[in-house]
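Given next are the chains, with one letter for each unit.
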Amino acid sequence: MTDISQTLGSAPAAPSKHGSLFEKDARTKKRNAAESRFKMYGIAAIGIGLLMLIVLVTNIVTAGTGAFQQSFLELNVELKEDKLDKKGNRNIEDIKKVSTFGYAPLIAAAVEAEVQNLGIQTDLTPKEMGGILSKAAQAELRNYVIANPDEIGKTVSFRFLVNSRVDGYMKGRVTRGSIANDKSITVAQLDFVDQLRDAGVLYKAFNPDFIFGSDASDQRPEAAGIGVSMLGSLFMMFVVLALALPIGVAASIYLEEFAPQNRLTDIIEVNISNLAAVPSIVFGILGLAVFINYMHLPTSAPLVGGLVLTLMTLPTIIISTRASLKAVPPSIRDAALGVGASKMQAVFHHVLPLAAPGILTGTIIGLAQALGETAPLLLIGMVGFIASNPPDGLVAGFLSPNSAMPAQIYEWSKRADPAFYERAWGGIIILLIFLVTMNTIAVILRRRFERRW
Amino acid sequence: MNDMTRVERAVDSKAIKIAANKVQVYYGDTHAIKDVDVQIEDKTVTAFIGPSGCGKSTFLRCLNRMNDTIDICRVEGDILLDGEDIYDKRVDPVQLRAKVGMVFQKPNPFPKSIYDNVAYGPRIHGLAKNKAELDEIVEKSLRRGAIWDEVKDRLDAPGTGLSGGQQQRLCIARAVATEPEVLLMDEPCSALDPIATAQVEELIDELRSRYSVVIVTHSMQQAARVSQKTAFFHLGNLVEFGETGQIFTNPEDPRTESYITGRIG
């Protein structure tokens, strides 16, 4: 044995045509270099993509988180009976006759009392002191009194929104320099704000009204919230889901499993693919012409928005459903038909359950796409509408005018007051949270129900 | 090739189960099956052999109208099952397929439990009145599929988790669960290893006592081992049809002889 191994070890390498395997020839080196170059390009591309994503997310988060915080001023308001209910019989109709304007003196008095209480020295008039509060404060107070008429005559503690300039000052967006030409706030008022902040009654806190509240007019950015447009989006998604899923799945099953292969089905197939690529604004015009001008459905209603988005989502759902039906191996259909199942039994008992995760994924992605769509809503009047009241009831939710999340964001970004800019970014954060959640659900469903055969 | 000696196996004249007369099959413009006349007997294993693309699988799929699922396929001529033309307008292919079961080349259990795989056919045909009856049918079918002992403790396990040979026997059990009269097998062993093949072949021999079995196979040894009758197809024609022993030892047609001796194919 030793002899053999020795001869093997010491045997001179036979002169091979290809040279030694231990040395790379020029051609191999070149190929390897090309391969590693290509890998580098790939890594660079991914790196650039990630960098962009990081920049985008940081930008959105830094610009938008401010919207979730708002500055509040705590006050004890005495609900004077002689101002609010002169007759003193707590008749709700009489109380309602006092307009928001009538509540202004109460708030001014409360600010004055608070200033004396805290021992703050200021030269401001009570009106100027009250000026740091939001115009929404009086309405808030009035709503409270109308809801609780028994509280009249008592002193109640409130947490009022301050106006957007003061809020901006608290967040660092507004400075003494930047308000030089601003008529709505003075340097003296900012000094007063500093004193209140040091006293601990004016502070920043989490503002749930931004998430759950309704939009507000141009004058009161601090009171604007996305909640009502979120409801609008929700009602639209109901419509889309209720129409696009059954219609899309039924159409796909018929086309994929039952329809004969002929010129007509070919034309339908090509047109479905074309529809998926049609710009969404075209669907908006179609919706305007058909649903509003011809069928006279209410403008700005989530029902119409949902119908338009259904048209837009259908091709996406049909294409993904057909793809997942196609992915079910024909052997499963053969097996079912072979034991005497009818075509419909084969499809519904065996093919559809296997295709379900794909169909669900396609549907959720279609819904997410519809949720973020703005352009078609522009044409049916859901953009620019100020959704100031939450709909009362289910029917009103579908039929009464509303906005949608992306439309609301677009609306805020158009407005002049820089405080709305912050809210637009905040709205984007909420919208993105919805989209990411939906896509995550899609991925989880696909993973969980994915079957191998 | 020792099986060749089994010439004198019992071949008494039995009832004709399926009679095909002048069957033509077209795929679009291609004439895939030309003038095939064949008579398949009851309680007999009939093997279809021939080179790839000769039309034996196509012809097999005509016998339970599985070709209906292919749009461009057209069948002419008569195929009579117990004297009834299965291509008659009044025939519902679904009912036909309950009578003529099929086992495919690749084991294709449903991605469900073993129990559900077998119970599916009886369920859709309403063969069991209650759970107990269904249990009984499932057990009987799995026994006939010679797989009961291997799976009786895990009927809830997915059918796709079995080995290839077990899957194929499960598919046979599934096919016999609907109480068919004819069992069509399209190369049932081509995806199996020799041991699984032997098991399935043994099973086919047992099935012969109840059903008329038609098997398509590429393996001439297999045809010789399991069948009593053999049909040799070549280029869409039925070249020769007769007793298996006869075909393999003393073929009449020179093409048959060249094929079984390995000169064409």
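Nothing here was measured: the structure is a model prediction, and the numbers come from that model. (Residues numbered from 1 in each chain as written. Chains lettered and ligands numbered in written order. Predicted model: local features only at pLDDT ≥ 70, side-chain atom pairs only at ≥ 80, totals over all residues. Heavy atoms only, no water.)

Caption draft 1: Region of the structure containing the layout of surface pockets. Empty space within the largest pocket amounts to approximately 750 Å³. Around the largest pocket, the lining comprises 30 residues; the ones closest to its centre are Gly130, Gly131, Leu133, Lys135 and Asn163 of chain A. Those elements that place two or more of their residues in the lining of the largest pocket are helix H5 (104–118), helix H6 (126–130), helix H7 (136–147) and helix H8 (164–171) of chain A. Split by domain, the lining of the largest pocket shows at least three residues from each of two domains, domain 1 (69–206) and domain 2 (227–449) of chain A. Estimates place the volume of the second largest pocket at around 510 Å³. Taken together, 22 residues make up the lining of the second largest pocket; nearest its centre are Glu256, Glu257, Arg333 and Lys343 of chain A together with Thr69 of chain B. Elements represented by at least two residues in the lining of the second largest pocket include exactly helix H11 (227–258), helix H14 (302–326), helix H15 (330–338) and helix H16 (343–371) of chain A. Partitioning the lining of the second largest pocket into residue classes produces ten nonpolar, two polar and ten charged. (1 Å grid on protein atoms, 1.4 Å probe; cavity = no way out; pocket = protein on both sides within 12 Å on 5 of 7 lines; lining within 4 Å. Points joined across faces, edges and corners; volume = space filled by probe spheres on them. Helix = DSSP H or I, 4+ residues; strand = E, 2+ residues; numbered from the N terminus. Domains from an automatic or database assignment. Nonpolar A, V, L, I, M, F, W, Y, C, P; charged D, E, K, R; others polar.)

Caption draft 2: Structural context of the pairing of strand E9 (residues 229–234) of chain B. Residues and elements named next belong to chain B. Of all six residues making up E9, six are buried, and the element is well covered by its neighbours. Of the two faces of E9, the one lined by Lys229, Ala231 and Phe233 and the one lined by Thr230, Phe232 and His234 are each fully buried. The pairing of strand E3 (residues 45–49) with E9 spans four bridges and is parallel. Each bridged residue has a counterpart across the sheet, and for Phe48 the counterpart in E9 is Ala231. Of the strand pairs in this sheet, E9 and strand E10 (residues 237–243) are connected by six bridges, and their pairing is antiparallel. (Buried < 20%, exposed > 50% of the residue type's maximum accessible area, 1.4 Å probe, protein only. Pairing = 2+ DSSP bridges.)

Caption draft 3: Just the interface of chain B and chain A, in detail. Listed as interface residues are 22 residues of chain B and, on the opposing side, 18 residues of chain A. Between chain B and chain A lies a buried interface of about 1,700 Å² when both sides are counted; carbon and sulfur atoms form 61% of it. Its largest share of buried area at the contact with chain A, chain B owes to Phe110, Pro111 and Tyr120 of chain B, together 29% of the area lost on that side. Our enumeration of links across chain B and chain A arrives at zero salt bridges. Taken together, chain B and chain A are joined by five residue pairs in polar contact (both at pLDDT 80 or more). Counting residues per element, the ones that place at least two in the side of chain B that touches chain A are helix H2 (93–99), strand E6 (100–103) and helix H3 (114–125) of chain B. Broken down by element, the residue count for the side of chain B that touches chain A peaks at four residues, all from H3 of chain B. Per-class residue counts for the side of chain B that touches chain A are eleven nonpolar, six polar and five charged. (Contact = heavy atoms within 4.5 Å. Buried area = accessible area lost by both parts, 1.4 Å probe. Salt bridge = Lys/Arg side-chain N within 4 Å of Asp/Glu carboxyl O. Polar contact = N/O pair within 3.5 Å; in protein donor to acceptor, adjacent residues only side chain to side chain.)

Caption draft 4: Examining the sheet that holds strand E2 (residues 155–161) of chain A more closely. Residues and elements named next belong to chain A. Read across the open sheet, the three strands follow the order E2-E1-E3; overall the sheet is antiparallel. Whereas interior strands pair on both sides, the edge strands pair on one side only; in this sheet they are E2 and strand E3 (202–206). If you compare each strand with its neighbour and ignore which way they point, the axes differ by 40 degrees on average. Note: strand E1 (residues 69–78) against E2, seven bridges, orientation antiparallel. (Axes fitted to C-alpha atoms, helices over the stretch in contact; angles between N-to-C directions.)

Caption draft 5: Here's a closer look at the packing of aromatic side chains. Applying the stated criterion across every chain yields a total of twelve aromatic pairs over all chains. Consider the rings of Phe158 of chain A and Phe160 of chain A, whose centres lie 5.3 Å apart with planes at 10 degrees: the pair is stacked. Of the two residues, Phe158 of chain A and Phe160 of chain A, both sit in the buried class. Summarising the aromatic geometry, the rings of Phe48 of chain B and Phe59 of chain B are spaced 5.6 Å apart at their centres and angled 45 degrees between planes, so their arrangement reads as tilted. (Phe/Tyr/Trp six-rings, centres within 6.5 Å; stacked < 30°, edge-to-face > 60°.)

Caption draft 6: Expanded view of the packing of H11 of chain A against H16 of chain A. Residues and elements named next belong to chain A. Viewed as axis vectors pointing N to C, H11 and H16 meet at an angle of 140 degrees, and their least axial separation amounts to 9 Å. Regarding the angle of H11 to H16, the classification is oblique. Crossing of H11 against H16: the hand is right-handed. Contacts between H11 and H16 involve Ser233, Met237, Val240, Leu241, Leu245, Val249, Ile253, Glu257 and Phe258 from the first element and Lys343, Met344, Val347, Phe348, Val351, Leu352, Ile359, Thr363, Leu367, Ala370 and Leu371 from the second. (Parallel < 35°, antiparallel > 145°, perpendicular 65-115°, else oblique. Left-handed = near helix turned anticlockwise from the far one by under 90°.)

Caption draft 7: Quick look at the domain arrangement of chain A. Residues and elements named next belong to chain A. Split into domains, chain A comes out as domain 1 (69–206) and domain 2 (227–449). Here the C-alpha centroids of domain 1 and domain 2 sit 45 Å apart. In this complex, domain 1 contributes six residues to the contact, which on the side of domain 2 involves five residues. On the domain 1 side of the contact with domain 2, Gln70, Ser164 and Arg173 bury the most area, a combined 70% of that side's loss. Where domain 1 meets domain 2, there are three salt bridges. Among the salt bridges present, the one from Asp417 reaches Arg165, with a minimum N-O distance of 3.7 Å. Here domain 1 and domain 2 share three residue pairs in polar contact (both at pLDDT 80 or more) between them. It is H8 that contributes the most residues to the side of domain 1 that touches domain 2, four residues altogether. Split by residue class, the side of domain 1 that touches domain 2 holds no nonpolar, two polar and four charged.

Caption draft 8: Quick look at unusual backbone geometry. Residue and element names in this part refer to chain B. The backbone phi angle of Asp35 is positive, close to 50 degrees, even though this residue is not glycine. On the secondary structure map, Asp35 appears in strand E2 (residues 30–41). Phi angles above zero are rare outside glycine, and Glu179 is one such case at about 55 degrees. One can find Glu179 in the loop between helix H6 (164–177) and strand E7 (182–186).

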